[in-house]
Amino acid sequence: RKEVEQDPGPFNVPEGATVAFNCTYSNSASQSFFWYRQDCRKEPKLLMSVYSSGNEDGRFTAQLNRASQYISLLIRDSKLSDSATYLCVVWALTGGGNKLTFGTGTQLKVEL
Amino acid sequence: DVKVTQSSRYLVKRTGEKVFLECVQDMDHENMFWYRQDPGLGLRLIYFSYDVKMKEKGDIPEGYSVSREKKERFSLILESASTNQTSMYLCASSLGTESSYEQYFGPGTRLTVT
């Protein structure tokens, strides 16, 4: 089983739609959770952290469910510029120190 | 702004060649990382370093080595390149252990081994 699993998509949605992605993780000792965004042929960049209480940043809402070991990202009022791959990322303490584990990403395509 | 630069955007090497990939960050970050990214496999950690002259193996260190002689520079070395090392290589840095979740990535080096 992969440490971090995501639906690869693509999710094709019209502009203005609401879209949600889920991600599951296998390490129950994982400490912190994040969403990174990666544009085509570009490097990943941190989008937002995910807190147990849920957190919002403009049109983006992230939530964590520790009991079920999944995190989610909700994007409201999708824009063309939201088209990208969204990487679910988990931070855990390992034998060699703190380590990020990246999911393979979910591709979003926002269309006119 | 944090800047992470990598020596080449595209590189073509022959099987058996020794390959050096250089990464430099300009924000005095303690931590530096090397990943490779392949379709369907995502980013996989090759090596990382929390300090000068210190290195730790990641998930897929076989066939690679690293060097960190200066804080700002982290080099990835392919001792004898093979075709299965054709990939996108991404370097990243982060401020310190407590904040190592926020990593800043370089633009990547697309390496092709023929």
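What counts as what
Residues numbered from 1 in each chain as written. Chains lettered and ligands numbered in written order. Predicted model: local features only at pLDDT ≥ 70, side-chain atom pairs only at ≥ 80, totals over all residues. Heavy atoms only, no water. Disulfide = S-S within 2.5 Å. Helix = DSSP H or I, 4+ residues; strand = E, 2+ residues; numbered from the N terminus. Buried < 20%, exposed > 50% of the residue type's maximum accessible area, 1.4 Å probe, protein only. 1 Å grid on protein atoms, 1.4 Å probe; cavity = no way out; pocket = protein on both sides within 12 Å on 5 of 7 lines; lining within 4 Å. Points joined across faces, edges and corners; volume = space filled by probe spheres on them. Nonpolar A, V, L, I, M, F, W, Y, C, P; charged D, E, K, R; others polar. Core = buried A, V, L, I, M, F, W, Y, C linked by side-chain atoms within 4.5 Å. Contact = heavy atoms within 4.5 Å. Polar contact = N/O pair within 3.5 Å; in protein donor to acceptor, adjacent residues only side chain to side chain. Salt bridge = Lys/Arg side-chain N within 4 Å of Asp/Glu carboxyl O.

J.: Whenever I open this one, the state of the cysteines confuses me. Can you help?
T.: Should the sulfur atoms of two cysteines be covalently bonded, the bond is a disulfide. Scanning all chains against the criterion turns up two disulfides over all chains. At a sulfur-sulfur separation of 1.9 Å, the disulfide partner of Cys 23 of chain A is Cys 88 of chain A. On the sign convention where negative means left-handed, the S-S torsion of about -70 degrees between Cys 23 of chain A and Cys 88 of chain A marks this disulfide as left-handed. With Cys 23 of chain A in strand S3 (residues 19-25) and Cys 88 of chain A in strand S9 (residues 84-94), the pair connects residues that are 65 residues apart, well separated along the chain. With a relative accessible area of 1%, Cys 23 of chain A lands in the buried category. Looking at Cys 88 of chain A, the relative accessible area reads 0%, which means it is buried. There is a disulfide in this structure between Cys 23 of chain B and Cys 91 of chain B, and the S-S distance comes to 1.8 Å. As the torsion about the S-S bond is roughly -75 degrees, the Cys 23 of chain B-Cys 91 of chain B disulfide counts as left-handed. Of this pair, Cys 23 of chain B sits in strand S3 (residues 19-25) while Cys 91 of chain B sits in strand S9 (residues 87-94), placing them 68 residues apart in sequence. Here Cys 23 of chain B matches Cys 91 of chain B in class, with each residue buried.

J.: What should I look at first to understand the layout of surface pockets in this one?
T.: Over the atoms, a rolling probe the size of a water molecule traces out where space has been left empty. The calculated volume of the largest pocket comes to roughly 680 Å³. Surrounding the largest pocket, 28 residues form its lining, Gln 38, Arg 41 and Thr 85 of chain A together with Gln 37 and Pro 39 of chain B being those nearest its centre. Elements represented by at least two residues in the lining of the largest pocket include exactly S9 and strand S11 (106-111) of chain A together with strand S4 (31-38) and S9 of chain B. Sort the elements by how many residues they give to the lining of the largest pocket and S11 of chain A lands first, with four residues. Looking at side-chain class alone, the lining of the largest pocket contains nine nonpolar, twelve polar and seven charged residues. Here the second largest pocket defines a volume of roughly 260 Å³. Going through the elements one at a time, strand S10 (97-102) of chain A together with strand S5 (42-49) of chain B are the ones with two or more residues in the lining of the second largest pocket. With four residues, S10 of chain A is the largest single contributor of residues to the lining of the second largest pocket.

J.: Would you explain the nonpolar core in this entry?
T.: Across soluble globular proteins, nonpolar side chains have a tendency to be buried as a group. One finds Phe 21, Trp 35, Ile 71, Leu 73, Ile 75, Tyr 86 and Leu 108 of chain A to be the most contacted residues of the largest nonpolar core, which totals 23 residues. When contributions to this core are tallied by element, the ones reaching two or more residues are S3, strand S4 (32-38), strand S5 (44-50), strand S7 (60-65), strand S8 (70-75), S9 and S11 of chain A. Setting aside anything within four residues of it in sequence, one finds Ile 75 of chain A in contact with Ala 17, Thr 18, Val 19, Phe 21, Arg 59, Phe 60, Asp 82, Tyr 86 and Leu 108 of chain A. Ranked by size, the runner-up nonpolar core spans 20 residues in total, among them Leu 11, Ile 60, Tyr 89 and Cys 91 of chain B.

J.: Please clarify how the environment of Glu 102 of chain B should be interpreted in this entry.
T.: Tracing the backbone shows Glu 102 of chain B in the loop between S9 and strand S10 (104-105). Distance from Glu 102 of chain B to Leu 41 of chain B, taken between C-alpha atoms, is 21 Å for residues 61 residues apart in sequence. Apart from residues no more than four positions distant in its own chain, Glu 102 of chain B is found in contact with Tyr 36 and Leu 46 of chain A together with Ser 93 and Ser 94 of chain B. Among the polar contacts made by the side chain of Glu 102 of chain B, one reaches the side chain of Tyr 104 of chain B at a distance of 3.0 Å.

J.: I tried to follow the pattern of salt bridges on my own but got confused; where do I start?
T.: Working definition: two side chains of opposite charge can pair if their charged atoms are close together. Per the stated rule, a full pass over the model turns up eleven salt bridges over all chains. Notably, a salt bridge pairs Glu 56 of chain A with Arg 76 of chain A, separated by 3.5 Å at the nearest N-O pair. Within this pair, whereas Glu 56 of chain A is found in strand S6 (residues 55-57), its partner Arg 76 of chain A is found in the loop between S8 and S9, the two being separated by 20 residues in sequence. The residue Glu 30 of chain B makes a salt bridge to Lys 71 of chain B at a minimum N-O spacing of 3.6 Å. Here Glu 30 of chain B is found in the loop between S3 and S4, whereas its partner Lys 71 of chain B is found in the loop between strand S7 (64-70) and strand S8 (73-78), with 41 residues between them in sequence. The class of Glu 30 of chain B is partly exposed, set by a relative accessible area of 31%.

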